[in-house]
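Below are the chains, spelled out letter by letter.
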Amino acid sequence: MTLCYPSKQNFPKAGDTVSIHYVGTLVPSGQKFDSSRDRNIPFQTMIGIGQVIKGWDEGVPQLSLGQKAILTCTPDYAYGASGFPPVIPPNSTLRFEVELLKIN
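The following paragraphs examine the structure supplied in this document. (Residues numbered from 1 in each chain as written. Predicted model: local features only at pLDDT ≥ 70, side-chain atom pairs only at ≥ 80, totals over all residues. Heavy atoms only, no water.)

**As for the side chain of Ser36**
Phase 1 of the analysis: Among the secondary structure elements, Ser36 is positioned in helix H1 (residues 36-39).
Phase 2 of the analysis: Beyond its immediate stretch of four places on either side in the chain, Ser36 contacts Ile20, His21, Tyr22, Ile41, Pro42 and Phe43. (Helix = DSSP H or I, 4+ residues; strand = E, 2+ residues; numbered from the N terminus. Contact = heavy atoms within 4.5 Å.)

**Some details on a nonpolar patch on the surface**
Phase 1 of the analysis: Judged by side-chain polarity, Tyr79, Phe84 and Val87 come together as a nonpolar surface patch covering roughly 260 Å² of accessible area.
Phase 2 of the analysis: Mapped onto the fold, Phe84 is located in the loop between strand S5 (68-73) and strand S6 (93-103).
Phase 3 of the analysis: Under the relative-accessibility criterion, Phe84 is labelled partly exposed at 46%. (Patch = residues over 30% accessible without salt bridge, like charges linked within 9 Å, V, L, I, M, F, W, Y side chains within 5 Å. Areas by Shrake-Rupley, 256 points an atom, 1.4 Å probe, with all protein chains shown as cover. Salt bridge = Lys/Arg side-chain N within 4 Å of Asp/Glu carboxyl O. Buried < 20%, exposed > 50% of the residue type's maximum accessible area, 1.4 Å probe, protein only.)

**Re unusual backbone geometry**
Phase 1 of the analysis: The linkage connecting Val27 with the following residue, Pro28, adopts the cis geometry, with an omega of 10 degrees.
Phase 2 of the analysis: Looking at where Pro28 falls in the secondary structure, it is placed in the loop between strand S2 (17-27) and strand S3 (32-35).
Phase 3 of the analysis: Residue Pro85 is joined to Pro86 through a cis peptide bond whose omega torsion reads 0 degrees.
Phase 4 of the analysis: Tracing the sequence through the fold places Pro86 in the loop between S5 and S6.
Phase 5 of the analysis: At Asn40, a residue that is not glycine, the phi angle is positive and equals roughly 60 degrees.
Phase 6 of the analysis: Asn40 sits in the exposed class, given a relative accessible area of 61%.
Phase 7 of the analysis: Phi angles above zero are rare outside glycine, and Asn104 is one such case at about 55 degrees.
Phase 8 of the analysis: Looking at the element boundaries, Asn104 is found in the segment after S6.

Below, the structure written as structure tokens:
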């Protein structure tokens, strides 16, 4: 994980609902496969309880409110051998630019 801004002090905990803006790209091609920013609608989910990929469940709780980061998720932290057809091929490494907008 690469943090893009200095950390503050307000972190989400497992079970918190978070609002996140993200841009997802395939590694190494850089091809964008999804973006909440393009839709201008933040993604909302409960974090740390298995509702999202492992890379997000482990990475997002390290972000403080308002912080941006780059999460690079190897296949075992993303969609693994199945991928997410037709958008994400099997065994893909994914890169997400994420911004934590809101907790609960």
